[in-house]
Amino acid sequence: SQQGEEDPQALSIQEGENATMNCSYKTSINNLQWYRQNSGRGLVHLILIRSNEREKHSGRLRVTLDTSKKSSSLLITASRAADTASYFCAHDFGNEKLTFGTGTRLTIIP
Amino acid sequence: DAGITQSPRHKVTETGTPVTLRCHQTENHRYMYWYRQDPGHGLRLIHYSYGVKDTDKGEVSDGYSVSRSKTEDFLLTLESATSSQTSVYFCAISPQPGDTGELFFGEGSRLTVL
């Protein structure tokens, strides 16, 4: 299986703190994407980083990519209660489909 | 929100019965995907389509078949449902894969096989 791993599996932090979650993969990628899933809902795309990029920002989100270590991290700064969700990384291996990781469940404590 | 509708949203069925899940899109996107989501496994690709009548297998395709006779509809069929196919099924669409290949997801179909 090419499915990657994410850690931690679950993370609880206080509102206002930063949240960091990590994603690893096994083979070379074209790009890596992060998605959010609220409970009982479909996934929503957050950000895409290409294999030749090392860092990307979108609002309170910062994504890094280290292709030598085959890993990526998602940082959410100044967390809010509304950030409570599951977060998934997804890898584009250039074969017309995305392979998703196992996800990190983030809980923001008000 | 992307125009994706999954039906039914919830279904309970018995082992051995056939089940068809429907994904309907109004975005005219070329690519359509069926994933299943299970605790501890994240999302796993079942089948996908890259055009009308063009489909290919994903990681967990055994026991599933698909059809796409129109751009807007992608059907997932379980010929003879088993308890291991109890899951939440998500349809996703994309205009094209690659660097602009963001997926848009439906709200999911929860299937319980007794």
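Our subject is the structure that appears above.
Residue numbering note: each chain is counted from 1, following its sequence as written. Starting at A for chains and at 1 for ligands, labels are handed out in the order in which the entities are written. Local features in this predicted model are restricted to residues whose pLDDT is 70 or higher, and side-chain atom pairs enter the listing and the counts only when it is 80 or higher, whereas totals over whole chains, interfaces and linings include all residues. Hydrogens and water molecules were not included; the side-chain quantities draw on all heavy atoms of the structure.

Peer 1: Please give an account of the pattern of salt bridges that cites residues and values.
Peer 2: The salt bridge definition used is simple: a Lys or Arg side-chain nitrogen within 4 Å of an Asp or Glu carboxyl oxygen. Inspection of the entire model under this criterion finds seven salt bridges over all chains. Across the salt bridge formed by A:R41 and B:E107, the nearest N and O atoms sit 2.4 Å from each other. Residue A:R41 is located in the loop between β4 (31-37) and β5 (43-50), and its partner B:E107 is located in the loop between β10 (104-105) and β11 (109-113); the two belong to separate chains. Partly exposed residues are those whose accessible area sits between 20% and 50% of the maximum for their type, while under 20% is buried and over 50% is exposed, using a 1.4 Å probe and protein chains only. Judged by its relative accessible area of 43%, A:R41 falls in the partly exposed class. In this structure, A:R62 and A:E55 form a salt bridge, with 3.6 Å as the shortest nitrogen-oxygen distance. By relative accessible area, A:R62 is classed as partly exposed at 31%. In this structure, a network of salt bridges that share partners links the residues B:R22, B:K70 and B:D73. Helix and strand assignments follow DSSP, with helices taken as H or I runs no shorter than four residues and strands as E runs no shorter than two, numbered in order from the N terminus.

Peer 1: How would you sum up the interface of chain A and chain B? Please name residues and give values.
Peer 2: Listed per partner, the contact involves 23 residues of chain A and 24 residues of chain B. Reported buried area values correspond to the accessible surface (1.4 Å probe) lost by two parts on association, with both partners' losses combined. Across the interface of chain A and chain B, roughly 1900 Å² is buried in total on both sides, 45% from carbon and sulfur atoms. On the chain A side of the contact with chain B, A:L43, A:E96 and A:K97 bury the most area, a combined 30% of that side's loss. Here chain A is connected to chain B by one salt bridge. Sorting the residues of the side of chain A that touches chain B by element identifies β4, β5, β9 (85-92) and β10 (98-100) of chain A as the ones contributing at least two each. Residue classes follow a fixed rule: Ala, Val, Leu, Ile, Met, Phe, Trp, Tyr, Cys and Pro count as nonpolar, while Asp, Glu, Lys and Arg count as charged, and any other residue, Gly among them, counts as polar. Of the residues assigned to the side of chain A that touches chain B, the class counts are six nonpolar, twelve polar and five charged. Only heavy atoms enter the contact rule, under which two residues are in contact if any of them lie within 4.5 Å.

Peer 1: Tell me about the pairing of strand β8 (residues 71-76) of chain A, and please be specific about residues and values.
Peer 2: Residue and element names in this part refer to chain A. Of all six residues making up β8, five are buried, and the element is well covered by its neighbours. Two strands pair when backbone bridges link them, and strand β3 (residues 19-24) and β8 are joined in this way by six bridges, in the antiparallel orientation. In the strand pairing of β8, T20 is matched with L75. Taken together, the six bridges between strand β7 (residues 61-66) and β8 define a ladder with antiparallel strand orientation. Strand pairing is defined by DSSP finding a minimum of two bridges between the two strands.

Peer 1: Explain the state of the cysteines to me, and be specific about the residues and the numbers.
Peer 2: Residue and element names in this part refer to chain B. Any cysteine sulfur atom paired with another within 2.5 Å is treated as part of a disulfide. The full count for this structure, using the stated rule, is two disulfides over all chains. With a sulfur-sulfur separation of 1.9 Å, C23 is cross-linked through a disulfide to C91. For the disulfide bridge between C23 and C91, the dihedral angle about the S-S bond is near -70°, and by the sign convention the bridge is left-handed. Here C23, found in strand β3 (residues 19-25), pairs with C91, found in strand β9 (residues 87-94); they are 68 residues apart in sequence, far enough to count as distant. For the pair formed by C23 and C91, the shared burial category is buried.

Peer 1: Provide a residue-level description of the pairing of β5(A), including the pertinent values.
Peer 2: All names here are of chain A. Buried residues dominate β5, accounting for six of its eight residues. Where β4 meets β5, seven bridges bridge the pair, whose relative direction is antiparallel. Bridge assignment links Q37 to a residue of β5, and that residue is L43. Once β4 ends, the chain turns through five residues before running back antiparallel as β5, passing G40 with a positive phi of about 75°.

Peer 1: Lay out the packing of aromatic side chains in plain terms, naming residues and giving numbers.
Peer 2: What counts as a ring pair is set by centres within 6.5 Å for rings of Phe, Tyr and Trp (its six-membered ring), and what kind of pair is set by the plane angle: stacked under 30 degrees, edge-to-face over 60, tilted for all other angles. Across all of its chains, the model carries eleven aromatic pairs over all chains by this definition. Consider the rings of B:Y31 and B:Y33, whose centres lie 6.4 Å apart with planes at 15°: the pair is stacked. B:Y31 sits in the buried class, given a relative accessible area of 4%. For B:Y33, a relative accessible area of 1% gives the class buried. With a centroid separation of 6.4 Å and 80° between ring planes, the pair formed by B:F90 and B:F105 is classed as edge-to-face. Within this pair, whereas B:F90 is found in strand β9, its partner B:F105 is found in strand β10, the two being separated by 15 residues in sequence. We note that B:F90, like B:F105, is buried. Through a chain of ring-to-ring contacts, three or more aromatic side chains come together here, namely A:Y35, A:F100, B:Y31, B:Y33, B:Y35, B:Y48, B:Y50, B:F90 and B:F105.

As far as function goes, none of this settles anything; it's purely spatial.
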